[in-house]
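Reading the structure
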Amino acid sequence: MSQAPVVRLQNVTKVIGKRTIIDRVSFEVQPGEVFGFLGPNGSGKTTTIRMIVGLMGMTAGDIHVGNHSVRTEFPLAIEQVGAIVENPEMYKFLTGYQNLLHYARMNPSITKERIQEVVKLVGLEGRIHDKVKKYSLGMRQRLGVAQAVMHRPKLLVLDEPTNGLDPAGIRELRDYLRRLAQDEGTAVLVSSHLLSEMELMCDRVAILQKGQIIDIRSIRGQEGDVAATSEEVLFDVDHPDAALGILEGQGTGKIVDGTLSLSLDRAGIAAVNRRLVEAGINVYGIRVKIKSLEDQFLEMTGSDKIG
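Residues numbered from 1 in each chain as written. Predicted model: local features only at pLDDT ≥ 70, side-chain atom pairs only at ≥ 80, totals over all residues. Heavy atoms only, no water.

As a reminder, the rule being used: UniProt positions are given in the numbering used here, feature names are shortened, and annotations may be inferred rather than shown by experiment.
As named in an unreviewed UniProt entry, the protein chain is ABC transporter ATP-binding protein, taken from Cohnella endophytica. Reading the Sequence similarities (unreviewed entry) entry of the UniProt record for the protein chain gives the comment "Belongs to the ABC transporter superfamily."

Dropping the structure here:
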């Protein structure tokens, strides 16, 4: 039995003046899922995120967090949300722990034991009693994530969380978000302009262009999968030209960088492999050519302006 989505957008629309900024956007994020939100500059990502967390009103449609409407039951909906929009703001003259303790006073359900849990979750045990002014940007981002999840939200929303981070900081943040989703079942909605990182971080991504969702696709588990429909399949063989001649009439084939390339479905792959082996051609490897998220993004949007 499938779980109910943590957040559900239904035909969300935002009109400013005579301009439609967001046009009937709909998607869902499941518990324990890291969901990426991609789009060129000006596509409406931040506007959508601002509507989810209540910083901007909707013109039409609705957003539900759990069973509560952001439009009509905002206090009940927003108490299930943790968010960092742009950079987390902390009291730099206080320690990391004092910042978390200060925030915890606003929510009686947050115990000192819970503070220790989130400190461990984001890997700040060794520096949590240092003043925030001594923290690197990556450490401040991790402290921000700790603050955002202390009250055990069902949904964590992060708008461009990797801005300004070095590669090590980006990887650390990615690992913490995956751990948060897996260990606590939190749904994570994250926007970023770093497509390679989104590909590593996310389970699914939605691509937004000119205020509309143009595609939602799965990321995790796709590499090496072979669909029932035709895919470009690469055969690493010892004599590619001879192999191509043997397979004449098998379908459209070509030699790409010394590798035999064919458009095949799952059954066709087995048939071609058997035919090559029977003909005395050594087959060293077979792989489905997977387009990177960046390639797919550029194909769909026709843009290299990612933001």
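1. What about the overall build of the protein chain?
Here is the rule we go by: Secondary structure is summarised from DSSP: a helix means a run of H or I of at least four residues, a strand means a run of E of at least two, and numbering begins at the N terminus for each. Using a 1.4 Å probe on the protein chains alone, a residue whose accessible area is under 20% of its type maximum counts as buried, one over 50% counts as exposed, and one in between counts as partly exposed. Note on definitions: a residue-residue contact is assigned when non-hydrogen atoms from the two residues lie within 4.5 Å. Areas reported here follow the Shrake-Rupley algorithm with a probe of radius 1.4 Å; residue values treat only the protein chains shown as occluding.
Each helix and strand counted, the protein chain has 10 helices and 14 strands in total. Counting every position in the protein chain, which comprises 307 residues, the buried fraction comes to 45%. Taking the contacts inside the protein chain whose residues are at least 6 apart along the sequence as the reference set, 69% of them involve residues at least 24 apart. As displayed, the protein chain has an accessible area near 15500 Å², and 47% of this comes from carbon and sulfur atoms.

2. Here's the deal with the packing of aromatic side chains
For clarity, the threshold we go by: Here a pair means two rings of Phe, Tyr or Trp (six-membered ring of Trp) with centres within 6.5 Å. Their orientation is stacked below 30 degrees between planes, edge-to-face above 60, and tilted elsewhere.
Taken as a whole and judged by the stated rule, the model has three aromatic pairs. Each ring, one from Phe27 and one from Phe37, has its centre 5.4 Å from the other, and the planes form 50°; the classification is tilted. Placement of Phe27 in strand β2 (residues 19-29) and of Phe37 in strand β3 (residues 34-38) is noted, with a sequence separation of 10 residues between them. An identical accessibility class is assigned to Phe27 and Phe37; each is buried. A network of ring pairs unites the aromatic residues Phe27, Phe35 and Phe37 as a single cluster.

3. A word on the pattern of salt bridges
The condition that has to hold: One speaks of a salt bridge when a side-chain nitrogen belonging to Lys or Arg is within 4 Å of a carboxyl oxygen belonging to Asp or Glu.
One pass over the structure, following the stated rule, counts nine salt bridges. Arg127 is the partner of Asp130 in a salt bridge, and the nearest nitrogen-oxygen pair spans 2.3 Å. Residue Asp130 is classed as partly exposed on the basis of its relative accessible area, which comes to 26%. Arg127 gets classed as partly exposed once you look at its relative accessible area, which sits at 32%. One salt bridge connects Arg142 with Glu172, and the closest N-O pair in it is separated by 2.8 Å.

4. Some words on the packing of helix α3 (residues 96-104) against helix α5 (residues 137-149)
Note the cut-off: An axis is simply a line fitted to the C-alpha atoms; with a helix, the fit covers only the stretch in contact. Between two such axes, the angle follows the N-to-C directions and lies from 0 to 180 degrees. By the definition adopted for this analysis, an angle is roughly parallel if under 35 degrees, roughly antiparallel if over 145, roughly perpendicular if from 65 to 115, and oblique otherwise. Rotating anticlockwise by less than a right angle from the far helix to the near helix defines a left-handed crossing, while the corresponding clockwise rotation defines a right-handed one. Residues are grouped as follows: Ala, Val, Leu, Ile, Met, Phe, Trp, Tyr, Cys and Pro are nonpolar; Asp, Glu, Lys and Arg are charged; every other residue, Gly included, is polar.
As a packed pair, α3 and α5 sit with axes 10 Å apart at the nearest point and diverge in direction by 25°. When the axis of α3 is compared with that of α5, the two are roughly parallel. Note that α3 runs across α5; the crossing there is right-handed. Contacts between α3 and α5 involve Gly96, Leu100 and Tyr103 from the former and Leu143, Ala146 and Gln147 from the latter. Class assignment of the residues belonging to the contact of α3 with α5 gives a composition of four nonpolar, two polar and no charged.

5. Considering the confidence of the model for the protein chain
When pLDDT drops low, the exact placement of atoms in the prediction is not to be read closely. Short version of the rule: Known as pLDDT, the predictor's confidence for each residue is given on a scale from 0 to 100.
Here the protein chain averages 83 in pLDDT, while 87% of its residues score no lower than 70. Below a pLDDT of 50 lies the segment residues 221-229, which in the model reaches 14 contacts outside its immediate sequence neighbourhood of four places, other chains included.

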